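# Fold and geometry: a report
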Amino acid sequence: MKIKESELILNTDGSIYHLNCTPKDIATTIITVGDPERVDAIAKYFDEVEVTIHKREFKTVTGTYKGKRLTIISTGIGTDNIDIVFNELDALVNIDFETRALKKMHTALTFIRIGTSGAIQEDIPVDSLLISEKAIGFDNLLHFYDNTDFLDTSFSEAFIKHTNWNSNLSYPYVVPANKELLNIFSTEGFFKGITATNVGFYGPQGRTLRLPTYDKNLNDKIASFQFNNQKITNLEMETSGIYGMSMLLGHQAISLNAILANRASGSFSKNPEETIDVLIRKTLEMLVNKEL
Ligand SMILES: O=P(O)(O)O[C@H]1O[C@H](CO)[C@@H](O)[C@H]1O
Ligand SMILES: O=c1cc[nH]c(=O)[nH]1
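So, here is what we can say about the structure in this document. Small disclaimer: the values here were computed from a predicted structure and weren't measured.

## Describing the packing of helix 2 (residues 79-94) against helix 6 (residues 239-249)
- For the pair helix 2 and helix 6, the least separation of the axes is 9 Å and the interaxial angle reads 30°. With respect to each other, helix 2 and helix 6 are oriented roughly parallel. Helix 2 and helix 6 meet at a crossing whose hand is right-handed. On helix 6, the residues touching Thr 79, Ile 82, Asp 83, Phe 86 and Asp 90 of helix 2 are Ser 240, Gly 241, Ile 242, Met 245 and Leu 249.
- Across the contact of helix 2 with helix 6, the residue classes break down as five nonpolar, three polar and two charged.

Okay, here's the thing in structure tokens:
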């Protein structure tokens, strides 16, 4: 079936609408970051850069690291951008742009998020690295899609009860990391935990500058919640969307977090760039050594 021009939107040069990339521009292993400037902070380690494309908050660099072809792309902030980036990257490999039909052979992509995050457990210090075993999404992206049977509703129900979750907020959805990637990255000295993905940095993460939040104890309730001996460890703004979209589209994803803030102790990293750089170098080496 031919996908309409209003659904699969191609620019006059044949590139996809927001990302401005054509199918040849991307590798099958893709590092996602929020901050467009982090793309160059990673690409500076490449042997060579093949492609650089920048439109809006979406900066894409494809090149090689120790001979391995990789793409780095910035998503900007939030799961609304994840919807765009993941649908468009998937289209680049799984839709024929000439015929506008789905390709017969599915191509699975491997996604590694190199992100920043704030811990809510006191024993996860600033400047540590954490791998997200699961994400709990306080955003509503996944609720717009069908076929979400993989979501862990028992976890959601227990969480809603424990926190007395406000019914005006969207239903928190719980989605796992890719098992294989989780096993691979789990061996390398990361903390492991459950990442809460929020719809904002301030109120939604319980930060108060001038505006009070509806429940000043919400972060404490989130931190004290346990399900099957697992705790929610950290807050950020993309992982639930990345895990959810990857499950829906048949890709594999893992989210790695540089912990810059500790909300329990009220502290923030004195050298965030250094911590992010440690995570970048570690991730690049693992991608090559584990042949991901
Ligand atoms: O550093 P990035 O990857 O952008 O991730 C975190 O930082 C941003 C907020 O400062 C949000 O996008 C959050 O998820
Ligand atoms: O506390 C933090 C730190 C980074 N990113 C977030 O979303 N929250």
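## Observations concerning helix 6
- The element helix 6 is largely enclosed, with a buried count of nine among its 11 residues.
- Among the residues making up helix 6, those that are buried are Thr 239, Ser 240, Gly 241, Ile 242, Tyr 243, Gly 244, Met 245, Ser 246 and Met 247.
- Directly after helix 6, the chain includes Gly 250, whose backbone phi takes a positive value near 80°.

## Some details on the pairing of strand 12 (residues 230-236)
- The element strand 12 is largely enclosed, with a buried count of five among its seven residues.
- Inspection of the sheet shows strand 7 (residues 110-119) paired to strand 12 by two bridges, in the antiparallel sense. Across the sheet, the residue bridging to Gly 118 is Leu 235, located in strand 12.
- Of the strand pairs in this sheet, strand 10 (residues 191-197) and strand 12 are connected by four bridges, and their pairing is parallel. Bridge pairing in strand 12 links Thr 195 to Asn 234.
- Judged from the two bridges that link them, strand 11 (residues 226-227) and strand 12 form a sheet pairing that is antiparallel. Note that in strand 12 the partner of Gln 226 across the bridge is Lys 231.
- Hairpin connection of strand 11 to strand 12: two residues between the antiparallel strands, including Asn 228 at a positive phi of 50°.

## Let's talk about the site of ligand 2
- The local shell around ligand 2 consists of Thr 116, Ser 117, Gly 118, Phe 201, Gln 205, Leu 235, Glu 236, Met 237, Leu 260 and Ala 261.
- Contributing elements (two or more residues each) for the shell around ligand 2: strand 7, strand 12 and strand 13 (252-262).
- For the shell around ligand 2, the element with the highest residue contribution is strand 7, accounting for three residues.
- Residues belonging to the shell around ligand 2 are distributed by class as follows: five nonpolar, four polar and one charged.

## Considering unusual backbone geometry
- A positive phi angle is found at Arg 100, which is not glycine, with a value near 60°.
- As for its placement among the helices and strands, Arg 100 is situated in the loop between strand 5 (95-96) and strand 6 (101-102).
- A positive phi angle, near 50°, is found at Asn 228, a position not held by glycine.
- Within the secondary structure, Asn 228 sits in the loop between strand 11 and strand 12.

## Some points on the nonpolar core
- In this structure, Ile 31, Ile 72, Ile 254 and Leu 256 are the most contacted members of the largest nonpolar core, which totals 65 residues.
- Examining the composition of this core, we find that seven residues originate from one element, strand 13, more than from any other.
- Those residues in contact with Ile 72, other than ones at most four positions away along the chain, are Ile 31, Val 33, Val 39, Ile 42, Ala 43 and Val 61.

## A word on the packing of helix 1 (residues 36-43) against helix 7 (residues 272-289)
- Interhelical geometry of helix 1 versus helix 7 gives an angle of 55° and a closest axis separation of 10 Å. In terms of their interaxial angle, helix 1 and helix 7 are classed as oblique. Handedness of the helix 1/helix 7 crossing: right-handed. Packed against helix 1, whose contacting residues are Arg 38, Ala 41 and Ile 42, the element helix 7 presents Ile 276, Asp 277 and Ile 280 at the interface.
- When the residues that make up the contact of helix 1 with helix 7 are grouped by side-chain class, the tally is four nonpolar, no polar and two charged.

The rules behind each value
Residues numbered from 1 in each chain as written. Chains lettered and ligands numbered in written order. Predicted model: local features only at pLDDT ≥ 70, side-chain atom pairs only at ≥ 80, totals over all residues. Axes fitted to C-alpha atoms, helices over the stretch in contact; angles between N-to-C directions. Helix = DSSP H or I, 4+ residues; strand = E, 2+ residues; numbered from the N terminus. Parallel < 35°, antiparallel > 145°, perpendicular 65-115°, else oblique. Left-handed = near helix turned anticlockwise from the far one by under 90°. Contact = placed C-beta atoms within 7 Å. Nonpolar A, V, L, I, M, F, W, Y, C, P; charged D, E, K, R; others polar. Buried ≥ 20, exposed ≤ 12 C-beta atoms within 10 Å, placed from the backbone. Pairing = 2+ DSSP bridges. Near = placed C-beta within 6 Å. Core = buried A, V, L, I, M, F, W, Y, C linked by C-beta atoms within 7 Å.

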